[in-house]
Amino acid sequence: MTKPKELLEDAPGKTLLLLANEAIARGVLEAGVRLVALYPGTPSSEIGNNLTFMAPHIPNFYFEFSTNEKVALEVAGAAAVAGVRSMMVCKGPGLNVAADPFFSLAYVGVRGGMVIVVADDPSMWSSQNENDSRYYALMGNMPLMEPSDPAEAKSMLLEAYEFSEKVELPVLFRTTTRVNHTRAPVRFHEIRERPAQVEFEKEPYRFVPVPSVARLRHPWLLGQIAKAREISETSHLNFIEGTGDLGIITSGVAYTYVVEALDHLGMNAEILKLGITHPLPEQKLTDFLRMHERVVVVEELEPYLETHARRLAQLHRVEVDILGKEQGYFSRTMEYSPRIVIEALCKIADCNTCINWDEIDSRMKDMADLPPRPPLLCAGCPHRASYFAIRTATRGKAIYPSDIGCYTLSIAPPLETADILFDMGSSISTACGIAQVTGQDIVASVGDSTFFASVLPGLVNAVYNKHPVSLVVLDNRTTAMTGHQPHPGTGITGMQEQVEPLDVEDVAKGLGVKYVKTINPFDSLAGLVREVREMVKWVRENHEPAVLVSKAPCALLTAAEMRKTGEYPPRFYVDSDMCTACKRCLNRLSCPAMYLDSVTDKAVIDEPLCNYCGTCVAVCPQGAIKQEE
Amino acid sequence: MTSNTRNTTVINIAITGVGGQGVLTLAEILAKSALEDSHNVRVGEIHGMAQRGGHVVCTVRIGENAKGPIIDPGTAHLVVGFEPVETLREIHLISKGGLVIMNSHVQYPVVVSMGKAEYPSKEEIHDALTMHTAKIIEFNAIELANNAGNSLSMNIVMLGAILASGIVPIKKETALHVVQTTFPSKFVDVNTKAFELGYQAISDSL
Ligand code: SF4
Ligand code: SF4
């Protein structure tokens, strides 16, 4: 509930309880950043969610929700080339989308400070992979910083801008979910002013990397990284604390687990905490290795620091045992915890943990299986109606390529309408691939935000190459999954200005799709089923793509609107006299607001949970589900 | 505090429930109150896909040595459950001698509504909980929230309950003040009542 307004306060010294994401949004002000561009992605979402409401109140500041991460990086990169401080923000997989400009940006460099915030997601709380973005810094030769907690997320961000300007390179600022979504006290500092405008000074033989230019820029880049390494050697962001025979090298949130683990065990160790993890302070690291017989490396995901430590030990002939993932002390998957560090340290030091975790684990195992409660489409979600119709129209027999958003949750029974997914925008393109090699009907689905972000090239491909695929665009008027950010179809910008929205139907037609229709999924469920059936038939006959736009606002938006106005439609209920307990509503629709009453054995609607969509009414063969007059 | 809790200067509170029940809000209010009373604090949250009506767990850690957001199994002084099965799902977090405060009102997972899985009985849940700790307080927090005037105030009922447990080093007035200043003024009456009802319920059963 920290409000964007609080983040705007010119109150140095004030301490607020902030998520690292909120601290980064505040850091944008304190660093004098002139432009931020991003595409929302959990766990980074709250950065943009706050900036968009702060933006209209900050003089000389521009914020946008770009159509996708590649666009965002180009917008922000160019602003930094022009000479102002800028920022781009994305989640781990988002940096993959922006990989193309990422590499060029390092070659040409920047004039104003630039930071690229990338939020990795160990344990994949809300991502399709847990790739370790630190390797981008290594491959692209970009400086890399890793904060450990919310306070450091802000203080380190300010240093990242200084660093960026010293070496004329963007800085990759890598967080992880447990940093982004941890709340801690964060102290405010002065707000820095931003220039109204700068002059773009032409320097094409730097900023246009045609081969002859790029050949000169690559050695330049390596030279800048050498300079950056000197800074890294003496930076206080790479510090040593504690004393002991055992050495521990760590970075990011794992550092906090190390400190807590040592505390728990009452164990002594010398910790090398690395804030700048590319370029590494090689001298400092090598000296650290020399000072210890055994060094444990604690880092989540890939053995990035570990591999560097081994490389340096070999290079400088240091006799040291480096203990980490290679020997199996730590895992390359999932996030860590103090426990994981404690257990590894106990294995290494041959001691006992103070808590008998094996006993707790076995107690949990003995417990009867609990009914799972995975995330679900909300009560009243328009996607539930759409997927019910898609499944009914195709009798569950078509192939259902899915995409990235809340609607991927349709993977679960009873909807089961997600068969293949790679990345943002893959719905339409995977549909094409399957269509070419199978004779099966294909109904792909994608949300509105993802449609604009990544489906357009795939749709052009489908039109031009005449792929027989049906695409349902689930237009719920927002980017729901990441917290309801606007997108080009909504008519609101990142600056909170009203603009002309783009219409999915018009865009699809403009791209050459001949069959395009828009329907409200709540108008008539039977009508929706008919529409899907018709589209699939048309695709079969015409052998080219068709688009059906299923358009109704996200249930959470509708619910918020009702709460605000206090106006609710008449309630929905199950007439228990008419209900035969066939459970069709529960088994085919599974709206979380409905359940079977354990006493009467009849279906019931849990009133406070119901969002008044009315979809269940048409599913009941008895007409037992009714709306009050 | 018993000797086998890690780090005697950190109080660990795990809050578990269903997305949409107000778990995140409670964690934040609790932590804000701790900060207001000059304590160091960390909150661990999970956002995004996990929030959509699924199981949610938040952590609040109060004390100088709290660095990261995670509460390991066997180290929570207090587990606050918004729903019986969700309490059971996180019961491994409780420390020896730790306290469980649980709302007894059941919210069926969809697999149960669909008849594909069974919801454990009251006795089964109670027995399983007591395998981990003897200190369990169960009460109908939804009913109290309704009595306060709004079922959505259940998380504030739970806040009152937490304060009454005496486990957190936060003054009652501080928590009440944070509640009253965080939400729009039209909710002050409901929330104050919800807080007091929760506080009373736990004071009576301690
Ligand atoms: S119970 Fe029926 S009307 Fe209410 S949200 Fe669920 S499907 Fe819609
Ligand atoms: S579909 Fe109708 S009759 Fe069948 S259980 Fe649901 S409400 Fe009752």
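In what follows, the structure referred to is the one given above.
So, here is what we can say about the structure in this document. In this text the structure is predicted, and so the values were computed from the model without any measurement.

**Quick notes on the pairing of strand β18 (residues 546-551) of chain A**
All names here are of chain A.
Then comes step 1: Across the six residues that make up β18, a large majority, five, are buried.
Then comes step 2: Bridging between strand β16 (residues 470-475) and β18 involves six bridges; their strand directions are parallel. When the sheet's bridge partners are listed, V473 is paired in β18 with V549.
Then comes step 3: Bridge count between strand β17 (residues 515-519) and β18: five bridges; the pairing is parallel. Within β18, the position partnered with T518 by the bridge is V549.
Then comes step 4: Each parallel crossover has a hand, and the one from β17 via helix α21 (residues 525-542) to β18 is right-handed.

**A closer look at the nonpolar core**
All names here are of chain A.
Then comes step 1: Residues V36, M87, I249, L289 and L345 are the most contacted members of the largest nonpolar core, which totals 120 residues.
Then comes step 2: Excluding residues within four positions of it along the chain, L289 makes contact with I249, V295, A309, L312, A313, V318, V320 and I322.
Then comes step 3: Counting 74 residues, the second largest nonpolar core, distinct from the first, contains V469, L471, I519 and V539.

**Some remarks on the site of ligand 2**
Then comes step 1: The full set close to ligand 2 counts 13 residues, and C579, C582, K583, C585 and C620 of chain A are the nearest of them.
Then comes step 2: Of the residues that constitute the shell around ligand 2, the class distribution is nine nonpolar, two polar and two charged.

**Topic: the packing of aromatic side chains**
Then comes step 1: Applying the stated criterion across every chain, the model contains 13 aromatic pairs over all chains.
Then comes step 2: Taken together, the aromatic side chains of F102, F103 and Y136 of chain A make up a single cluster linked through ring pairs.
Then comes step 3: Over the ring of W220 of chain A we find R217 of chain A, and its NZ or CZ is 3.9 Å from the ring centre.
Then comes step 4: Of note, K172 of chain B hangs over the ring of Y199 of chain B, and the distance from its end group to the ring centre comes to 4.0 Å.

**Digging into the site of ligand 1**
All names here are of chain A.
Then comes step 1: Neighbouring ligand 1 are 13 residues, the closest being C591, C610, C613, G614 and C616.
Then comes step 2: More than half of the atoms of ligand 1 fall within 2 Å of the grid points belonging to the largest cavity.
Then comes step 3: Within the shell around ligand 1, the residues separate by chemical class into ten nonpolar, three polar and no charged.

**Brief notes about the pattern of salt bridges**
Then comes step 1: Per the stated rule, a full pass over the model turns up 46 salt bridges over all chains.
Then comes step 2: The partner of D132 of chain A in a salt bridge is R134 of chain A, with the nearest N and O atoms 2.8 Å apart.
Then comes step 3: Looking at R134 of chain A, the relative accessible area reads 1%, which means it is buried.
Then comes step 4: Where E45 of chain B meets R183 of chain A, a salt bridge forms, and the shortest distance between an N and an O atom there is 2.6 Å. Highlighted residues: E45 of chain B in the loop between β2 (41-44) and β3 (55-62) and R183 of chain A in strand β8 (residues 182-187), drawn from two different chains.
Then comes step 5: On the basis of relative accessibility, which here comes to 4%, the residue R183 of chain A falls in the buried class.
Then comes step 6: Each member of the salt-bridge network shares a partner with another, and the members are D120, D132, R134, E146, R174 and E299 of chain A.

Cut-off values and rules
- Residues numbered from 1 in each chain as written.
- Chains lettered and ligands numbered in written order.
- Predicted model: local features only at pLDDT ≥ 70, side-chain atom pairs only at ≥ 80, totals over all residues.
- Heavy atoms only, no water.
- Buried < 20%, exposed > 50% of the residue type's maximum accessible area, 1.4 Å probe, protein only.
- Helix = DSSP H or I, 4+ residues; strand = E, 2+ residues; numbered from the N terminus.
- Pairing = 2+ DSSP bridges.
- Right-handed = clockwise from strand over helix to strand, strands pointing away.
- Core = buried A, V, L, I, M, F, W, Y, C linked by side-chain atoms within 4.5 Å.
- Contact = heavy atoms within 4.5 Å.
- Near = heavy atom within 4 Å.
- Nonpolar A, V, L, I, M, F, W, Y, C, P; charged D, E, K, R; others polar.
- Phe/Tyr/Trp six-rings, centres within 6.5 Å; stacked < 30°, edge-to-face > 60°.
- Lys NZ or Arg CZ within 6 Å of the ring centre and 35° of its normal.
- 1 Å grid on protein atoms, 1.4 Å probe; cavity = no way out; pocket = protein on both sides within 12 Å on 5 of 7 lines; lining within 4 Å.
- Sits in = over half its atoms within 2 Å of the grid points.
- Salt bridge = Lys/Arg side-chain N within 4 Å of Asp/Glu carboxyl O.

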